[in-house]
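So the chains spell out like this:
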Amino acid sequence: MNQGDAVEEPLVHIDGFRMDFGDQSVIRDLSFDVREGETFGFLGSNGCGKTTTLRALLGIYQPTAGTLHIRGKVFEPRDGARLGYLPEERGLYKKESVLDVMVYFGRLKGLSRPDATAWSRTYLDRVALADKAATRLDKLSGGQQQKIQLGVTIMNDPELLILDEPTQGFDPVNRRLLMDIIEEQKRAGATVIMVTHQMDEVERLCDRVILLKDGVAEAYGTVEDVQNSYGGPVIRLQHSGPLPASDLYDVTAAQHDYTELTPRAGTDEADILRDLVGHGVLVRSFTTARTSLEEIFLRVYGDQSEQVGA
Amino acid sequence: MSQHNLKTVVGFEFLRTVTKKRFWLATLAIPVAVVIAFALIVISNETTSTTASNQKNAQLTFTFSDDSGLVTDAVATVFGGTRTTDPERAIADVKSGAADAYFAYPANPATQPVRVYGTDRGIFENGTYDAVARAVLVAGAQKKIDSPQLTAVAAGNVTVTSQSYKDGKVSGGINAVIPPMLFLLIFYVAIIMLGNQMLSSTLEEKENRVTEMILTTMNPTTLIVGKVISLFLVGLVQMLTFALPVIVGYLFFRSNLNLPDVDLSHLTLEPGPMIVGTLLLLGGFILFTGTLVAIGAVVPTVKEAGVFFAPLMLVIFIPFYIVSLIVSDPHALIVQVFTYFPYSAPVTAMLRNSFGSLSPTESAVVIAELFILGFAALRLAVRLFRYGSISYSKKLSLRDALTRRRAPRAVRDAPHDG
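Residues numbered from 1 in each chain as written. Chains lettered and ligands numbered in written order. Predicted model: local features only at pLDDT ≥ 70, side-chain atom pairs only at ≥ 80, totals over all residues.

Trainee: Quick question: what am I supposed to make of the domain arrangement of chain A here?
Mentor: Accessible area lost during the coming together of the parts is what is often quoted as the interface size. As assigned here, chain A comprises domain 1 (1-82 + 159-166 + 190-231 + 291-310), domain 2 (86-156) and domain 3 (233-289). If you average the C-alpha positions of domain 2 of chain A and of domain 3 of chain A, the two centres end up 55 Å apart. (Domains from an automatic or database assignment.)

Trainee: I'm lost on the environment of A:Glu88 in this one. Help?
Mentor: All names here are of chain A. With respect to the helices and strands, the residue Glu88 is situated in the loop between β5 (83-86) and α2 (98-108). Sequence spacing of Glu88 and Glu165 is 77 residues, and the spatial spacing of their C-alpha atoms is 6.2 Å. When sequence neighbours within four positions are dropped, the list of residues in contact with Glu88 reads Thr51, Asp164 and Glu165. (Helix = DSSP H or I, 4+ residues; strand = E, 2+ residues; numbered from the N terminus. Contact = placed C-beta atoms within 7 Å.)

Trainee: Would you take a moment to explain the nonpolar core for this structure?
Mentor: Within soluble globular proteins, side chains that are nonpolar generally end up buried alongside one another. Ranked by size, the top nonpolar core spans 127 residues in total, and within it A:Leu57, B:Leu280, B:Ala294 and B:Ala381 carry the most contacts. Here this core gets 14 residues from one element, more than from any other, and that element is helix α11 (residues 271-298) of chain B. Apart from residues lying up to four places away in sequence, B:Ala294 is in contact with B:Ala377, B:Leu380, B:Ala381 and B:Leu384. Listed in part, the 20 residues of the second largest apolar core include B:Phe64, B:Ala99, B:Val132 and B:Leu137. (Core = buried A, V, L, I, M, F, W, Y, C linked by C-beta atoms within 7 Å. Buried ≥ 20, exposed ≤ 12 C-beta atoms within 10 Å, placed from the backbone.)

Trainee: Explanation requested: the pairing of strand β12 (residues 258-263) of chain A in the structure shown.
Mentor: Regular strands have side chains that alternate between both faces of the sheet. Residue and element names in this part refer to chain A. Here strand β10 (residues 234-240) runs beside β12; their pairing, made up of four bridges, is antiparallel. Bridge pairing links Ile235 to Leu261 in β12. When strand β11 (residues 249-255) meets β12, the two strands line up antiparallel, connected through six bridges. In the sheet register, Ala254 faces β12, and the bridge partner there is Thr259. (Pairing = 2+ DSSP bridges.)

Trainee: I tried to follow the pairing of strand β9 (residues 216-222) of chain A on my own but got confused; where do I start?
Mentor: Residue and element names in this part refer to chain A. Pairing analysis gives six bridges linking strand β8 (residues 208-213) to β9, with the strands arranged antiparallel. By the bridge assignment, Lys213 is partnered in β9 with Val216. Connecting the antiparallel pair β8 and β9 is a turn made up of two residues, with Asp214 showing a positive phi of about 55 degrees.

Trainee: Explanation requested: the domain arrangement of chain B in the structure shown.
Mentor: Looking at the assigned domains, one finds that chain B contains domain 1 (3-39 + 174-406) and domain 2 (52-154). Relative to domain 2 of chain B, the C-alpha centre of domain 1 of chain B lies at a distance of 58 Å.

Trainee: Teacher, can you tell me more about the environment of A:Ala188 here?
Mentor: Looking at the secondary structure, you find A:Ala188 in the loop between α5 (172-187) and β7 (191-195). A sequence separation of 30 residues divides A:Ala188 from A:Pro158, and the C-alpha atoms of the two residues are 9.6 Å apart.

Trainee: Whenever I open this one, helix α12 (residues 302-317) of chain B confuses me. Can you help?
Mentor: One turn of the α-helix equals 3.6 residues, which is why residues spaced by three or four share an orientation. Helix length check: α12(B) (16 residues) gives 23 Å between terminal C-alpha atoms against 22 Å at 1.5 Å per residue, within 8%. Taking the largest bend as the criterion, α12(B) deviates by roughly 30 degrees, centred on B:Phe308, and proline B:Pro311 comes between one and four positions later. (Expected span 1.5 Å × (residues − 1). Bend = angle between axes of the 7 residues up to and from the residue.)

Trainee: So what exactly am I meant to see when it comes to the sheet that holds strand β4 (residues 115-118) of chain B here?
Mentor: Two orientations exist for strands paired in a sheet by backbone hydrogen bonds: parallel and antiparallel. Residue and element names in this part refer to chain B. The strand order across the open sheet formed by four strands is β2-β1-β3-β4, and the pairing between neighbours is mixed. The open sheet has two edge strands with one neighbour each: β2 (81-83) and β4. Averaged over all neighbouring strand pairs, the angle between strand axes comes to 20 degrees, with direction disregarded. Here five bridges tie strand β1 (residues 62-66) to strand β3 (residues 101-105), and the two strands are oriented parallel to one another. Bridge pairing links Phe62 to Ala101 in β3. (Axes fitted to C-alpha atoms, helices over the stretch in contact; angles between N-to-C directions.)

Trainee: Please explain the packing of α2(A) against helix α3 (residues 113-126) of chain A as it appears in this structure.
Mentor: For any two helices packed against each other, one specifies the crossing angle of their axes together with the interaxial distance. All names here are of chain A. Contact geometry of α2 with α3 gives a least axis separation of 9 Å together with a crossing angle of 130 degrees. By the criterion of interaxial angle, the relationship of α2 to α3 is oblique. Pair α2 / α3 crosses with right-handed handedness. When α2 is examined against α3, the residues Leu99, Met102, Val103, Gly106 and Arg107 are found in contact with a partner set consisting of Arg113, Ala116, Thr117, Trp119 and Ser120. (Parallel < 35°, antiparallel > 145°, perpendicular 65-115°, else oblique. Left-handed = near helix turned anticlockwise from the far one by under 90°.)

Trainee: What is the right way to look at the environment of A:Pro166 in this model?
Mentor: All names here are of chain A. Among the secondary structure elements, Pro166 is positioned in the loop between β6 (160-164) and α5. Put simply, Pro166 and Gln149 are 17 residues apart on the chain and 9.9 Å apart in space, counted from C-alpha to C-alpha. Residue contacts for Pro166: discarding those within four places in its chain leaves Leu86, Leu178, Met194 and Thr196.

Trainee: Help me understand the sheet that holds β11(A) in this model?
Mentor: Residue and element names in this part refer to chain A. One open sheet holds the four strands; their spatial order is β11-β12-β10-β13, and the pairing between them is antiparallel. Two strands lie at the open edges of the sheet, namely β11 and β13 (282-289), each paired on one side alone. Direction aside, neighbouring strands of the sheet carry axes that sit 25 degrees apart on average. Helix α8 (residues 269-278) rests against β10, β11, β12 and β13 of the sheet, and its axis sits at about 165 degrees to β13.

Trainee: Looking at this structure, I do not really get unusual backbone geometry. What am I missing?
Mentor: Leaving glycine aside, a negative phi is the common case for residues, and trans is the common case for peptide bonds. Residue and element names in this part refer to chain A. Within the chain, Ala128 stands out as a residue other than glycine whose phi angle is a positive 60 degrees. Looking at the element boundaries, Ala128 is found in the loop between α3 and α4 (142-153). A residue is classified by how many C-beta atoms lie within 10 Å of it, and Ala128, with 12 of them, is exposed.

Shown next as structure tokens:
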């Protein structure tokens, strides 16, 4: 945790969290904060304890040890916190109509009946399901049900949005729609915690991430920090002629006129370019790229099989 | 508990039940069956009455012989009979179809059978012989007595009124037993009709994977209490629906249905038994509701819930196997056990309360037991729902649920260090 984090009270604070199921310890010692207004990626392989952590944060599980707070308190639904939670195991009252279910949850979230009805109709229109308002949920396709579930989750403008694998069950078109809606919520000031295996979404949406492995945080910080901690930027070079030996970089891959360079600590990419040109290398292209989260994920969890307990 | 959310849950659960076609099909099936039964009874009664009247008044050509001396020629002639002194010839005439019937009255009709011979007129019409033979004999006997008063008394057509006393005061008798017994009837109807719905009320959240959404939106106690209240309201709707045809039948078709004319003003409403009956009903309802909801929270499917449901239903019927003992010897050991065992207590105590054998001390103990255990069962149901309903596809370990204790408040709410 950075020194500066203590200045502003985080919206979510988890400290020394431990969760045992019988003899098995799913989470051993986990601490992290989620700041107000940020989008936070909660990453890890299947079964590493992400869902368990969210359930403990929301009071569904009782932690074996540790502190899990939202706005400085253990979460209780009666506190009136505007929370939107899209669980991994999800479903709605399947034998009821779409509108009835949405209005019901809207009322439980504090909206009046007319407001809940109006909000639901607007949302259904937005996700092209306006004609399904009176349809029973079990008559909808899986993707359509997911849209309704998302609508129920974001009713009453939640200040904290917790999404456990939100894109599960969405086709690419609807995934884009979902991401747009999440971005809207973010712009409206919501703090978002997102569990996902879609690393491109994390890179696009998240401000900070945590990687969970074996019940502890493997990496934690901004996306850039995490990428840097698994190797700095990589320089991809198209060139003519041999490269000179240099203490500014290491050659990590070379093939004919293509070479990948990893800058040494404290070296700027511009210094390397100047050095190459200065040694008469004909540089046809010079691009820098960070290690993608996908690569990091594969590197961290590549050897891991599924664990029990998530 | 949020009042707003409680109202929302009650409204949602109640409306989604009573607006379903399936609910009304199931609910109306019983009154429709009752109406059909009533209609059949009316038709049957009218037919029977007509047939009996026809048979009684039927004119037959018959011969008779009488060793009793009760049947005179004058009486027999009114019914179309002619005395014969040759029984064998009379029987032969019947066999050949020359005569409709022959009745042989014995010397002592009180101990010996009247023998009736007749030509076959079909199963139902053959009853006419029997009816006419009896009518002739009764008319002969009445003629012999020659007193309408003695005739009525001999036929048992008398009215008796009785008065009994308890502790120096007039006791209510059966009129005092009926009102508190109604609580037992309501209890049975409520548990039998709503038991399955109680059991499956939280299963739906589990089977549909709604639980996590619910647990993060409202307190589980609100959900459980809301469901119980809505079930109670649904039960009221069903009871009214069931009762309506019975009330209409009684008020407007009583004579057609041969129902007794009960004068409700004779019923005695004693405050003690009525209050005790109300409390036993409420306590029993809460105990069974809490238990059934708790079972629903533990098991993953309706099918598995049935394994627990059947024995629970059995327990409320078992006291009826010893109802004579409950009435005649309420202090017998088995009756005492049934009075205090929680799941047989409501029925046994309500029976004893109706018959006036439940003392005030026993009433207080049983009522306290039912309410305490009932609320404990409801709390347990909430806890099991909270921790059991996310065990979506497997049965919850009771040990797990009951040993999962919340962290001490001081730890949970301790200020974090940022």
